[in-house]
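This is what each chain is made of:
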Amino acid sequence: MKLPRAWRQPLAITGGVIALAWFVIALSAPLLAPHDPLAQELPRLAPPGPGHWFGTDQLGRDILSRVMYGARLSIPLTLLLVAMSVLVGGLLGAISGYFGKWVDETIMRFADLVFAFPTVILAMVVAAALGASLANAVLAVLVVAWPAYARVTRGLVLGVRQREFVLSGRLLGFSAWRSLRVDVLPNVTGPILVLATLDIGTALLLLSGLSFLGLGAKPPSPEWGAMVASGVEVFDSWWVAAFPGLAILTVVLAFNFLGDTLRDALDPRTARAIKERAL
Amino acid sequence: MTLAISDLKVTLGGREILRGVDLELRAGQVHGLAGESGSGKTMTGLAVLGLLPHGARVSGRITLGERDLLAMTPRQLNAVRGGEVAMVFQDPATSLHPMLTIGRQLTEHMRHHMRLDRRQARARAADLLRQVRIPGAEEALGRYPHQFSGGMRQRIAIAVALACSPKVLIADEPTTALDVTVQAGILRLLRGLCDDLDLAVLLVTHDLGVMSAVADEVSVMRDGVVVETGPRAQVLRDPAHPYTRALLDSLPGETS
Amino acid sequence: MSIKRPPAPGDDPKAARREPGRRGARSPLARFLVRRVLTALLLAVGITLVTFVLTNLVPGDPVAANLGQRALGDPAIVAQWRTEHGLDKPLPEQYLLHLRGVVQGDLGTSQQSHRPVLDDLADSVPATLELAGAAILISIVVGVAFGVVAALRRDRFSDHLLRVLSLFGISVPTFWLALTAFYVLFYRLRIAPGSGRIDPGLTPPPHVTGLYTLDAALAGQWDVFSSAVGHLVTPALVLALYTIGLLTRFTRSAVLEVLGQDHVRAGRAKGLPPRVILFRYVLRPALVPVITVAGLAFGSLLSGTVLVEAIFAWPGVGQYAYKSATTLDLPAVMGVGLVVGGVYLVINLIVDVLYGVIDPRVRLS
Ligand SMILES: Nc1ncnc2c1ncn2[C@@H]1O[C@H](COP(=O)(O)OP(=O)(O)O)[C@@H](O)[C@H]1O
Ligand SMILES: [Mg+2]
């Protein structure tokens, strides 16, 4: 992967700038936000104007401030979620590919089962069963997100395993765990990283979708999906739903711009392997 | 003279790949084009058919009878391709359409160029398969390329090229991708077809052994130019250019 | 057609290759179907098990979700409710009871609607199939067209534009887009009809397939038909946007890959018209990977229906799944799981058959 040159592209730069802007907003929301995101101190349902540039919601809260604080919830949670998917899926996939036989069968059939369900429906059932909360929504998305990584990692491990150095390592008496760590892991990190970048957007869409359905963040919390849901009740006042929705859109778009560039930069064969297994 | 290439220059991505190629093909003769890999043999063949990669810039003349192929509109050129000038590619495993029956691949351009109806085209297709010695021609029409061996596929590709009775056949390394055991058969077939059908054949190869077996005339290319041309016996026995001599010397077990 | 026999272990998988033509296609097809049905059964059992485990071994309590605060305080009412719904039996027994019911075509009674789950599903599934079907059709037509244009104009302006557009397509939150479309097209511009499947004043067409557009056309009720189409267009487009983006990207790379293949150059060398080269030599081979993605995209469409149906008040499986999941209506949730898993299997089967139709190498080996 030769990143530096591949990154010098309008798409990647746009994505990087937007993502960076959101990181800054998330980090410094208390400094940037004009109001307390929970304070009901403004006129209700006021359209965008001076003092409240994104308008106010039905409880008189400033939407701009809520959107800014929302970044502190959605962005770290999404990153955490993807990191956990990578860990869980990657580990299961590596085990599956490395040990093969019934271990492989069991794990991969389980992955198939998860794949057979539309993600939102499965995540919805899991979230509902666990009880509505943002943490449980994250767990629910994790349940549907790991198989993609398991498949990709398994395929890559299978490829690496065939190569001689792994075999010779095992002949020399290295433990299976050691050869997995030393020989296999370094070879699969690149493609997994690309997949993870592309997945950040999907994860945020799913997470905010669950909150939109009332299965994630609880009411006063300025989570974007939940804010869009509250806008449904007063859809006359378009700004209540429009701005949090745009927030989701821009974050997802930024990471998709980055991921797409990253995929192009990757050599075509790996890129295709990722595509075929992950989607 | 059937096809004459003169001062053909091709530039691709700022690099001059062909630097003034001259070649002449005559009906009923096999013209061998030799040269190391990367010398521009394939590009010369593709230039004749107007199939150079995107962004290629071409100059010079390629005359077929009285007409200059390089001056033709895309539509006119399309009528020449497959009709008067046909091409056989290096690897029959990839150059035949994997999802169409042999019959379809033999007839589709016949029906387009020669305006044959289904039945006529099919009858001719079966004749062609017999001509290139495919056993069970009628049944073979309903089969797919993956059901044939490499040598058989190349025979089929030759039949496809011959379908519209071309005057010129360009065969780009037609035996390179094949087993050694079937190479001689393909070459003999080409030679026979050239004689029977009065074809002008351009046989591209980097193998001088192949050349000495079938060619009437031989040209040797290097770095995008033809360095030597002449009758086979003269070029192979008494090469004028040092490069040709070097090529000949590198042939294993070949003594004059 | 002769009787299909199941494959014996000793069958030579290469037999079809040696025995070419139509005759060779049968035994692999039989094998293929048997394998498919077995997978389907296994998956169906897996689905019931997973939904069952999920809905039982987790903290959520269906009693709390279904009974009011007052009733929850009365142990007698709670106990009676549990007995009524078979919740007093041990879990494995509950599962086996459920499984036996499924085999007999009894999916249990919804705790919410107090109707057989099968009846609820019979009402809601066609609505969703109509919506998702329209969306996948739109996605395939538009996505493949965009992808082909992008590939043929590679690195030109239209390629870059389509790349950005398709990335937008996969980045827009569906639920927000649904809301925005509803607000703009219906509430503001009044060019789209409101929610539901047809205008409130009309009666639904006589039930044949459950798809209002098709049923109305079959009955010749053109006013109902046009109303049904009108109501279908906006939610279907909203739903399709994501899959259009997906299919555009995949079609582009598939076409680019085929364009570089030898047989395309060979086809050009035959002097075939550009139209023939495009459809027969480029698009047909490119469709193989595209179809895989289209099948998978259908899954994501079903996901989208949960979010879109809520906004457009579309009485489909998405809304039903949502209601039953949030109330922990176990029979209903499992019923949805079965239906959705079944749809997945059918889609997979269609994709596999299409492979065979497009590529003889799949059919004959
Ligand atoms: N698509 C292409 N783009 C740029 N250069 C090319 C392309 N194809 C071939 N070339 C270059 O053109 C030259 C001649 O190639 P070619 O005609 O294929 O050689 P030969 O057939 O004699 O082996 C080579 O140096 C090769 O690198
Ligand atoms: Mg060559």
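Residues numbered from 1 in each chain as written. Chains lettered and ligands numbered in written order. Predicted model: local features only at pLDDT ≥ 70, side-chain atom pairs only at ≥ 80, totals over all residues. Heavy atoms only, no water.

Colleague: Sorry, what's going on with the pattern of salt bridges here?
Modeller: Where charged atoms from two side chains of opposite charge come close, those side chains can pair. All names here are of chain A. Under the defined criterion, the tally for this structure stands at 23 salt bridges over all chains. Here arginine 109 makes a salt bridge to aspartate 112, at a shortest N to O gap of 2.9 Å. Here arginine 109 and its partner aspartate 112 are both found in helix H5 (residues 101-116), 3 residues apart, which amounts to about one turn of the helix. Note on arginine 109: relative accessible area 38%, which makes it partly exposed. Taken together, the salt bridges that share partners define one network made up of Glu105, Arg109, Asp112 and Arg151. (Salt bridge = Lys/Arg side-chain N within 4 Å of Asp/Glu carboxyl O. Helix = DSSP H or I, 4+ residues; strand = E, 2+ residues; numbered from the N terminus. Buried < 20%, exposed > 50% of the residue type's maximum accessible area, 1.4 Å probe, protein only.)

Colleague: Would you explain the interface of chain A and chain C in this entry?
Modeller: Where interface size is quoted, it is often the accessible area lost as the parts come together. In this complex, chain A contributes 46 residues to the contact, which on the side of chain C involves 46 residues. Buried area between chain A and chain C, both sides added, is near 4,200 Å², and the carbon and sulfur share of it is 78%. For the pair chain A and chain C, the number of links is 2 salt bridges. Two residues, arginine 163 of chain C and aspartate 260 of chain A, come together in a salt bridge whose shortest N-O distance is 2.8 Å. Run the count over chain A and chain C and you get 9 residue pairs in polar contact (both at pLDDT 80 or more). Mapped onto the side of chain A that touches chain C, the elements with two or more residues apiece are H5, helix H6 (119-130), helix H9 (176-212), helix H10 (224-233), helix H11 (239-265) and helix H12 (268-278) of chain A. Counting residues per element, the side of chain A that touches chain C draws most heavily on H11 of chain A, at 14 residues. Class assignment of the residues belonging to the side of chain A that touches chain C gives a composition of 32 nonpolar, 8 polar and 6 charged. (Contact = heavy atoms within 4.5 Å. Buried area = accessible area lost by both parts, 1.4 Å probe. Polar contact = N/O pair within 3.5 Å; in protein donor to acceptor, adjacent residues only side chain to side chain. Nonpolar A, V, L, I, M, F, W, Y, C, P; charged D, E, K, R; others polar.)

Colleague: What's the story with the state of the cysteines in this structure? I'm lost.
Modeller: Simply put, disulfide is the name for a covalent bond between the sulfur atoms of two cysteines. Residue and element names in this part refer to chain B. Under the criterion given, the structure shown has 0 disulfides over all chains. Free of any disulfide, cysteine 164 has its nearest neighbouring cysteine sulfur in cysteine 194, separated by 19 Å. Taking the relative accessible area as the measure of exposure, cysteine 164 reaches 9% and is therefore buried. (Disulfide = S-S within 2.5 Å.)

Colleague: Please clarify how the side chain of serine 171 of chain C should be interpreted in this entry.
Modeller: Looking at where serine 171 of chain C falls in the secondary structure, it is placed in the loop between helix H8 (157-169) and helix H9 (174-188). Residue classification places serine 171 of chain C among the buried positions, given a relative accessible area of 0%. Within the structure, the side chain of serine 171 of chain C is placed 2.6 Å from the backbone oxygen of leucine 167 of chain C, a separation counted as a polar contact. Excluding residues that lie within four positions of it along the chain, serine 171 of chain C makes contacts with Leu205, Leu249, Val252, Leu253 and Asn256 of chain A.

Colleague: Would you explain helix H1 (residues 41-49) of chain B in this entry?
Modeller: Because each turn of an α-helix spans 3.6 residues, side chains separated by three or four positions end up pointing in the same direction. With 8 of 9 residues buried, H1 of chain B is to be regarded as a mostly interior element. Glycine 50 of chain B lies just past H1 of chain B and shows a positive phi near 70 degrees.

Colleague: Just to check I follow, could you spell out the site of ligand 1 for this structure?
Modeller: Residue and element names in this part refer to chain B. Around ligand 1 sit Leu12, Arg15, Ile17, Glu36, Ser37, Gly38, Ser39, Gly40, Lys41, Thr42, Met43 and Pro53, and those are all the residues in its vicinity. One of the side-chain N or O atoms of arginine 15 is found 2.9 Å from an oxygen atom in ligand 1. Residue glycine 38 places a main-chain N or O atom 2.7 Å away from an oxygen atom belonging to ligand 1. In isolation ligand 1 offers 560 Å² of accessible surface; the protein chains occlude 63% of this area. Per-element accounting of the shell around ligand 1 gives the leading share, 3 residues, to H1. Of the residues contributing to the shell around ligand 1, the split by class is 4 nonpolar, 5 polar and 3 charged. (Near = heavy atom within 4 Å. Areas by Shrake-Rupley, 256 points an atom, 1.4 Å probe, with all protein chains shown as cover.)

Colleague: Could you clarify how one ought to interpret the UniProt feature "domain: ABC transporter" (unreviewed entry) in chain B in this entry?
Modeller: UniProt tags residues 3-248 of chain B as "domain: ABC transporter" (unreviewed entry). For residues 3-248 of chain B, the helix share is 41%, the strand share is 26%, and the end-to-end C-alpha distance is 27 Å. (UniProt positions renumbered as here; feature names shortened; annotations may be inferred.)

Colleague: Looking at this structure, how should I read a nonpolar patch on the surface?
Modeller: Residue and element names in this part refer to chain A. A grouping of Leu20, Phe23, Val24, Leu31, Leu32 and Leu79 is seen on the molecular surface, where their side chains present a nonpolar patch of about 560 Å² in accessible area. At the level of elements, helix H2 (10-27) and helix H3 (29-32) are the ones that each hand at least two residues to the nonpolar patch. Checked against the element boundaries, leucine 31 lands in helix H3. (Patch = residues over 30% accessible without salt bridge, like charges linked within 9 Å, V, L, I, M, F, W, Y side chains within 5 Å.)

Colleague: Please explain the interface of chain C and chain B as it appears in this structure.
Modeller: Listed as interface residues are 24 residues of chain C and, on the opposing side, 28 residues of chain B. Overall, the association of chain C and chain B removes approximately 2,400 Å² of surface from exposure, summing both partners, and the carbon and sulfur fraction of that is 61%. Across the contact surface, chain C and chain B share 2 salt bridges. Between glutamate 108 of chain B and lysine 270 of chain C there is a salt bridge whose closest N-O contact spans 2.9 Å. On the surface where chain C and chain B come into contact, there are 11 residue pairs in polar contact (both at pLDDT 80 or more). Counting residues per element, the ones that place at least two in the side of chain C that touches chain B are helix H12 (262-269), helix H13 (274-312) and helix H16 (360-363) of chain C.

Colleague: What exactly am I supposed to notice about the UniProt feature "transmembrane region" (unreviewed entry) in chain C here?
Modeller: When the UniProt feature table is mapped onto this chain, "transmembrane region" (unreviewed entry) is found at residues 32-54, 131-152, 164-186, 228-247, 286-312 and 332-358 of chain C. Between the C-alpha atoms that bound residues 228-247 of chain C the distance is 27 Å, and the span itself is 100% helix and 0% strand.

Colleague: How do you make sense of the sheet that holds strand E3 (residues 29-35) of chain B when you look at a structure like this?
Modeller: Sheet strands associate in pairs through backbone hydrogen bonding, adopting either a parallel or an antiparallel arrangement. All names here are of chain B. Taken in spatial order, the 6 strands make up an open sheet running E6-E7-E8-E3-E9-E10, and their pairing is mixed. Strands with a single pairing partner mark the edges of an open sheet, and in this sheet they are strand E6 (85-88) and strand E10 (225-231). On average, each strand axis in the sheet is inclined to that of its neighbour by 20 degrees, with strand direction left out of account. Of the pairings in the sheet, the one linking strand E9 (residues 217-222) to E10 comprises 6 bridges and is antiparallel in character. Looking at E10, one finds that arginine 222 is bridged to valine 225. Sheet contacts for helix H7 (residues 150-162): E6 and strand E7 (168-172); angle to E6, the most-contacted strand, approximately 170 degrees. Strand contacts of helix H11 (residues 242-249): E3, E9 and E10, with the helix running at about 100 degrees to E9, the strand carrying the most contacts. (Pairing = 2+ DSSP bridges. Axes fitted to C-alpha atoms, helices over the stretch in contact; angles between N-to-C directions.)

Colleague: Explain the packing of H12 of chain C against H13 of chain C here, please?
Modeller: For any two helices packed against each other, one specifies the inter-axial angle together with the distance between the axes. All names here are of chain C. The N-to-C vectors of H12 and H13 enclose an angle of 170 degrees; their axes lie 10 Å apart at closest approach. Here H12 is positioned roughly antiparallel relative to H13, judged by the angle of their axes. Taking contact as the criterion, the partners of His263, Val264, Gly267 and Arg268 in H12 are, on H13, Ile277, Tyr281, Val282 and Pro285. Each residue belonging to the contact of H12 with H13 can be placed in one class, and the counts come to 5 nonpolar, 2 polar and 1 charged. (Parallel < 35°, antiparallel > 145°, perpendicular 65-115°, else oblique.)

Colleague: What should I look at first to understand the packing of aromatic side chains in this one?
Modeller: Geometry of an aromatic ring pair is reported as the spacing of the ring centres plus the angle between the planes. All chains considered together, the criterion is met by 12 aromatic pairs over all chains. Summarising the aromatic geometry, the rings of phenylalanine 54 of chain A and phenylalanine 243 of chain A are spaced 4.0 Å apart at their centres and angled 10 degrees between planes, so their arrangement reads as stacked. Note that phenylalanine 54 of chain A is positioned in the loop between H3 and helix H4 (63-99) and phenylalanine 243 of chain A in helix H11, a separation of 189 residues in sequence. On the basis of relative accessibility, which here comes to 16%, the residue phenylalanine 243 of chain A falls in the buried class. Measuring from centroid to centroid gives 5.9 Å for tryptophan 238 of chain A and phenylalanine 243 of chain A, while their planes differ by 50 degrees, and the two rings are tilted. Judged by relative accessible area, which is 36%, tryptophan 238 of chain A ranks as partly exposed. Within the aromatic cluster, the residues linked to one another by ring pairs are Phe235 of chain A together with Phe182, Tyr183, Phe186, Tyr187 and Phe312 of chain C. Directly above the ring of phenylalanine 186 of chain C sits arginine 190 of chain C, whose terminal nitrogen or CZ lies 5.2 Å from the centroid. Of note, arginine 197 of chain C hangs over the ring of tyrosine 212 of chain C, and the distance from its end group to the ring centre comes to 3.7 Å. (Phe/Tyr/Trp six-rings, centres within 6.5 Å; stacked < 30°, edge-to-face > 60°. Lys NZ or Arg CZ within 6 Å of the ring centre and 35° of its normal.)

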